Number of protein chains: 2
Amino acid sequence: MKYPFPTLTADEAAALINDKDTIGFGGFTAAGACKVIPPAIAVRAKAEHAAGRPFKLGVITGASTGKSLDGALAEAEAIAWRTPYQSDPTLRKSINEGKTQFFDLHLSAVQPAVRSGVLGKVNWAILEASHVTAQGEIVLTTAVGCANTFARVADKILIELNAHHPGDLMGFHDLFEPADPPRRRAIPVYAPTDRIGASFIKVNPAKIAGVVLTNCPDESGGFDAPDEVTNRIGANVAGFLANEIKVGRLPESFLPLQSGVGNIANAVIGALGSNPGIPPFMMYTEVLQDSVINLLQSGKCAFASSCSLTLSPDRLKEFYANLEYFRSRVVLRPQEISNSPEIVRRLGLITINTAIEVDLFGNVNSTHVMGRDLMNGIGGSGDFTRNAHVSIYTCPSVAKGGKISTIVPFVTHLDHSEHSVQVVVTEHGVADLRGKSPGERAALMIEKCVHPEYRDTLRAYLGASGKGHVQQTLHNAFGMHLAFLEQGDMRKVKWRE
Amino acid sequence: MKYPFPTLTADEAAALINDKDTIGFGGFTAAGACKVIPPAIAVRAKAEHAAGRPFKLGVITGASTGKSLDGALAEAEAIAWRTPYQSDPTLRKSINEGKTQFFDLHLSAVQPAVRSGVLGKVNWAILEASHVTAQGEIVLTTAVGCANTFARVADKILIELNAHHPGDLMGFHDLFEPADPPRRRAIPVYAPTDRIGASFIKVNPAKIAGVVLTNCPDESGGFDAPDEVTNRIGANVAGFLANEIKVGRLPESFLPLQSGVGNIANAVIGALGSNPGIPPFMMYTEVLQDSVINLLQSGKCAFASSCSLTLSPDRLKEFYANLEYFRSRVVLRPQEISNSPEIVRRLGLITINTAIEVDLFGNVNSTHVMGRDLMNGIGGSGDFTRNAHVSIYTCPSVAKGGKISTIVPFVTHLDHSEHSVQVVVTEHGVADLRGKSPGERAALMIEKCVHPEYRDTLRAYLGASGKGHVQQTLHNAFGMHLAFLEQGDMRKVKWRE
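Everything numeric in this text was worked out from a predicted model, so none of it was measured.

Enquirer: Lay out the overall build of chain A in plain terms, naming residues and giving numbers.
Expert: Each helix and strand counted, chain A has 17 helices and 28 strands in total. Scaling as 2.2 N^0.38, a compact globule of 497 residues should have a C-alpha radius of gyration of about 23 Å, and chain A matches this with 23 Å. Its C-alpha atoms give chain A principal-axis dimensions of roughly 75 × 55 × 45 Å. Here chain A holds 497 residues, and the buried ones make up 66% of them. Pairs at least 24 residues apart make up 74% of the contacts formed inside chain A by residues separated by at least 6 positions. Taken as a whole, chain A presents about 16000 Å² of accessible surface, with 53% of it coming from carbon and sulfur. Between the mean site of the 48 positive side-chain charges and the mean site of the 49 negative ones, chain A shows a separation of 3 Å.

Enquirer: Can you break down the packing of aromatic side chains residue by residue, with the values?
Expert: By the definition in use, this model includes 22 aromatic pairs over all chains. Note on F410 of chain A and F410 of chain B: the rings are 6.2 Å apart at their centroids and 70° apart in plane angle, and the pair reads as edge-to-face. Placement of F410 of chain A in the loop between β26 (407–408) and β27 (423–426) and of F410 of chain B in the loop between β25 (407–408) and β26 (423–426) is noted, with the two residues assigned to different chains. For F410 of chain A, a relative accessible area of 8% puts it in the buried group. Between Y461 of chain A and W495 of chain A, the ring centres sit 4.9 Å apart and the planes meet at 65°, which makes this aromatic pair edge-to-face. Here Y461 of chain A, found in helix α16 (residues 452–465), pairs with W495 of chain A, found in the segment after α17 (479–487); they are 34 residues apart in sequence, far enough to count as distant. With respect to class, Y461 of chain A is no different from W495 of chain A; both count as buried. Site record: aromatic cluster; members linked through ring pairs are F172, F319, Y320, Y325 and F326 of chain A.

Enquirer: Lay out the sheet that holds strand β8 (residues 137–139) of chain A with the relevant residues and their values.
Expert: All names here are of chain A. Pairing is antiparallel in the open sheet, where three strands are placed in the order β7-β8-β10. Each having just a single partner strand, β7 (131–132) and β10 (201–202) make up the two edges of the open sheet. Where β7 lies against β8, two bridges are found, and the strand directions are antiparallel. The residue of β8 that forms the bridge with V132 is I138.

Enquirer: Please set out the pattern of salt bridges residue by residue, giving values where relevant.
Expert: Residue and element names in this part refer to chain A. What the rule picks out here adds up to 60 salt bridges over all chains. Residue K67 is joined to E219 by a salt bridge in which the shortest nitrogen-to-oxygen separation is 3.9 Å. Of the two residues, K67 sits in helix α3 (residues 67–75) while E219 sits in the loop between β11 (208–214) and α7 (228–246), which places them 152 residues apart along the sequence. Relative accessible area serves as the criterion here: at 58%, K67 is assigned to the exposed category. The salt bridge involving R459 is made with D456; its shortest N-O contact spans 3.2 Å. Of this pair, R459 and D456 are both found in helix α16, three residues apart, which corresponds to roughly one turn of the helix. In this structure R459 comes out as partly exposed when scored by relative accessible area, which is 44%. Assessed through its relative accessible area of 57%, D456 is described here as exposed. Within the structure, one salt-bridge network assembled from shared partners comprises R115, R152, E177, D180, R184 and E336.

Enquirer: An account of helix α15 (residues 438–448) of chain B is needed here, citing residue identities and associated values.
Expert: The complete set of buried residues in α15 of chain B reads P438, R441, A442, L444, M445 and I446 of chain B. Structurally, α15 of chain B contributes buried residues whose contacts are with β5 (101–102) of chain A together with β18 (357–359), β25, β26, β27 (429–432) and α16 (452–465) of chain B.

Criteria and thresholds
Residues numbered from 1 in each chain as written. Chains lettered and ligands numbered in written order. Predicted model: local features only at pLDDT ≥ 70, side-chain atom pairs only at ≥ 80, totals over all residues. Heavy atoms only, no water. Helix = DSSP H or I, 4+ residues; strand = E, 2+ residues; numbered from the N terminus. Rg over C-alpha atoms; globule rule 2.2 N^0.38 Å. Buried < 20%, exposed > 50% of the residue type's maximum accessible area, 1.4 Å probe, protein only. Contact = heavy atoms within 4.5 Å. Areas by Shrake-Rupley, 256 points an atom, 1.4 Å probe, with all protein chains shown as cover. Lys, Arg positive; Asp, Glu negative; His and termini not counted. Charge placed at Lys NZ, Arg CZ, Asp CG, Glu CD. Phe/Tyr/Trp six-rings, centres within 6.5 Å; stacked < 30°, edge-to-face > 60°. Pairing = 2+ DSSP bridges. Salt bridge = Lys/Arg side-chain N within 4 Å of Asp/Glu carboxyl O.

So, in structure tokens, the structure goes:
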């Protein structure tokens, strides 16, 4: 195809980027992330630094990316500031050493923040595409993220045209960008299957600074096989939801599901698939993992709306081999639509996310370790949890071979408050916190979710606190964490009266 | 008027209520709350208790109520459990002594929770009305709250028909109840002025167990006059917003405002009214206080959508004397509409709420004192903050004559996380936290918002924490609170390395 814009090498593309530029990268997770321009920018950054010149960028993404993006740029010390969500070890280290300024955002809030101007000017949109036309029509690949907004607001656009993806992905994407207040109308999604936007991004071709031809697989890893703990968590979630249908608190036709990312999420989806009390369902979520593909094939999942297809390499190959089957069963949306509070509440999602730790009163930490170090970020968990019809958090009851209880008196970073967290599930059971006071919640958490080795410890915490609305004492609140930090084991905690 | 249902005395109405019944009370704040049936129930509860019989109720309200409702029932020890929000000293004490089980809900979530069945059966709706017809048409008074949902789902209805309100309040209420998922459509409010529902509640008259005739004013108190601190906070908020318009981050036509309750809120609204950089605006809020009435009269506020008219007695008298003027300028909605996340985000509200304390990283406590005792509850603050176009928290920088700094290292209860809290304002200045990392936020909070007497203390906290993503150390996190609890003054804190 003859383009009115140049075909560039990755190095030529990287040479266009200047110190202090802000870049919006397309994609969401490693799916659809750029793979060759960021490493070339990293090389350029190192050369600039070696020559004694500053070279640091502002980086906005959809969510996490692949190692060739966050990893390469962080390793080159090329990221001045970064938002939202990340999961790269090198970038995480840079953030936790205070070298990269990271601020976390609910993923549904990223596109509005970009448009509002509070993040400053976006100089570049760098996007992966499966197809580009001379008229400036861009078909994305395995994810959307914020690509449509970045393409519209950025001064200039660079495209990685990746031949590894099939050329006929047209129709998998549904791109809708609402007007900003005061001219916003309803987002017209009334069912997960509703299509409301365009199949491609359309830009003025004069804004496209160049196209880099690539042929690279997504850098999505696989997941560990489910183990006994994750299987029991999955079975507990499925059993709880099947009973909610039985007692009439959920409709017999069920409601659409959102599920987080990782091994527990995979196990939960698997358990929902095999529980006969759960009817065929739809997903309205931000990430599709391998387990959903199984259910789409078996028919237990009838349709999946997502922001990304984050599949292991083998699963993605299978997806591409059956493109026509999936074309009527999968849609990929921008994150302000996949995670929209308006849509989440309207559809009445059942949301299932993973906690790092939960306190006795139902507050959840999903982002930080010991109050200090960022793990990944809040991602979409808050968008979904706050507006869910039923919000569920899962976690194993212990970590580090039992030295850490994931259920604690006070979470060291609070991302989801007691007001939004309805149900907590560990391998030991289900604590349904809805309609319960803090005291009732604490008793239920200990009975249903806490590991048996920690039940007496946590009862003793409440005992040392005496009566009250929240049986919390500030001088003991982080006692278990401090016992771990100072003595290597939360079981060594001593409560002070 | 001849009714097909009996006219009862308050005692006769109270005699219909049984131990363990769940009652949904109409109203929102003291506005529109019931005033004669609850005291009669309290008398009945005391008599039952004196006779050695149990008598405790489940009580669901719109928000807080008047002293004749929460105060009387709490004093009679007649409330087994209670949700959401309250502000009565006797009830608060009962909750904080663990005698009443209280659980807090975002106010937009109360009606959906009632419908979903997780709160159990609602036996009674007890509502204040300004007009009732034999056909079961009920015109409410100064608030809506959850009245429309309670009336629909409850087995039976009792009405206080209050002659103190004018008989022609028809047209001030706009009652819309969305279908539940999976059959929910958009909530069709696209501007604060949009009317989408009915002016009265319609029930089967056979459900009305009786009407009690009353003539009582609302029990809304007045507010303290603004003082120097609240005036400076108000001026800081107005100055910040005027500048946002000037630099183009807010449209010149401005956006609708939500404002919390209390003296600071009154001062902020006053300051917005007198700042020439702020154009005439609309309110989309849950409580209308006196200061908004002034602005509706002057024209600076063109229209106000609310859930209640919480006016001082004199102001309400004036409102009633000018009913025709206000009829086209005020609408009262159910709280799931006034506080709807869908509408808040669509309209792009500027939200202004008050914090009990804020931490250096932008997390807000708006509900609890020292991690333990409930103050009032989360109310609508979370509904508005999370989905705001610009979310602002205000508080004086110190309390208790300087012995407490409202800005602390770690909030003792977290209701609004760093992800939603955008701007913090004290009498000393404005910290615009948008797009800033935790480290950058902490520096800005100290520079702009912290009281001068506490700046070095908080800088020393960060210093003792060393570098990191969140400069937080668990063993010092509550040091200032413990210094207050143990030594009566946060200034006596000693940081441990």
